[in-house]
Amino acid sequence: MSERPLPPDADAPEQTEWAGKFVEAKRRGRWEYAGRPGGMRAAVILAIDAGEVILVEQYRVPLGRFCLEFPAGLIGDETEGENALESAIRELEEETGYRAAQWEELGEFCSSPGMLSESFTLVKATGLSQVGHGGGTEHEDIVVLRVPLDRVAETVAEHRARGNAIDVKLLLLLGSGFLEDAAQ
């Protein structure tokens, strides 16, 4: 724990303003934020195979457009007591039609800490084999993309030019390119 003093609102009681099945609006002192009920989290999958990464494109209602992103899903939304790895295994096959031979949990990260209390566990999947078509559940209509790692920046630019949103987590794949450009 940090030895720095906490801001005044840190000790204020947390109040739930409203709650739905998957999202809650909360207030702590003067701060408003959203979160997942009961500390629900997500699993995000970095699926890499033979120099390619598996990405998905799906419509995101809050954005009002399609979004390019990593495969992901809520932990325990279908099976009570599910852990991050179990969720990642289920979501990778459901969304992309791939299974992985090796799995590695890379850690927990915060989605948008200035506005959301949500976090996700990043899981790396390798040794992929295609076992189905993917596409998600009945109403998801997910498009699966297998993108060469050296074409990720181009793929992001192409999707952006089409008006698609780009999930911030894709910076994981773009970061070194951004840093190389800044160093020159």
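These numbers were taken from a predicted model, which means no experiment stands behind them. (Residues numbered from 1 in each chain as written. Predicted model: local features only at pLDDT ≥ 70, side-chain atom pairs only at ≥ 80, totals over all residues. Heavy atoms only, no water.)

Draft legend 1. View of the environment of Cys110. Inspection of the secondary structure puts Cys110 in strand β8 (residues 98-110). It is 9.8 Å that separates the C-alpha atoms of Cys110 and Arg41, two residues lying 69 residues apart in sequence. (Helix = DSSP H or I, 4+ residues; strand = E, 2+ residues; numbered from the N terminus.)

Draft legend 2. Representation of the nonpolar core within the structure. Counting 19 residues, the largest nonpolar core has Val53, Leu55, Phe70, Val152, Leu170 and Leu173 as the members making the most contacts within it. Put simply, the parts of the chain that give this core at least two residues each are β4 (42-49), β5 (52-60), β7 (72-74), β9 (119-130), β10 (143-148), α2 (152-161) and α3 (171-183). At three residues, the largest contribution of residues to this core is made by β4. In contact with Leu170, not counting residues within four places along its chain, are Leu55, Leu68, Glu69, Phe70 and Val156. Counting 13 residues, the second-largest nonpolar core is a separate cluster that includes Ile45, Ile54, Ala125 and Leu128. (Core = buried A, V, L, I, M, F, W, Y, C linked by side-chain atoms within 4.5 Å. Buried < 20%, exposed > 50% of the residue type's maximum accessible area, 1.4 Å probe, protein only. Contact = heavy atoms within 4.5 Å.)

Draft legend 3. Region of interest: the sheet that holds strand β2 (residues 24-28). Taken together, the three strands give an open sheet; going across it, the order is β1-β2-β3, and neighbouring strands pair in antiparallel fashion. With partners counted over all chains shown, the strands left at the sheet margins are β1 (14-19) and β3 (31-35), one partner each. Strand-to-strand twist in this sheet, taken as the mean axis angle between neighbours without regard to direction, amounts to 30 degrees. As paired strands, β2 and β3 are joined by five bridges and run antiparallel to one another. Opposite Glu24, over in β3, you have Gly35 as the bridge partner. (Pairing = 2+ DSSP bridges. Axes fitted to C-alpha atoms, helices over the stretch in contact; angles between N-to-C directions.)

Draft legend 4. Highlighting the pairing of β4. Along β4, seven of the eight residues are buried, which leaves the element largely enclosed by surrounding structure. Examined bridge by bridge, β4 and β7 share three bridges and lie antiparallel to one another. Bridging from a neighbouring strand, Ala43 pairs with Gly73 of β7. In this sheet, β9 lies alongside β4 in parallel orientation, the contact comprising six bridges. Bridge assignment links Ala43 to a residue of β9, and that residue is Thr121. With two bridges joining them, β4 and β5 adopt antiparallel strand pairing. Of the residues in β5, the one forming a bridge with Asp49 is Glu52. Joining the antiparallel neighbours β4 and β5 is a turn of two residues, in which Ala50 adopts a positive phi near 50 degrees.

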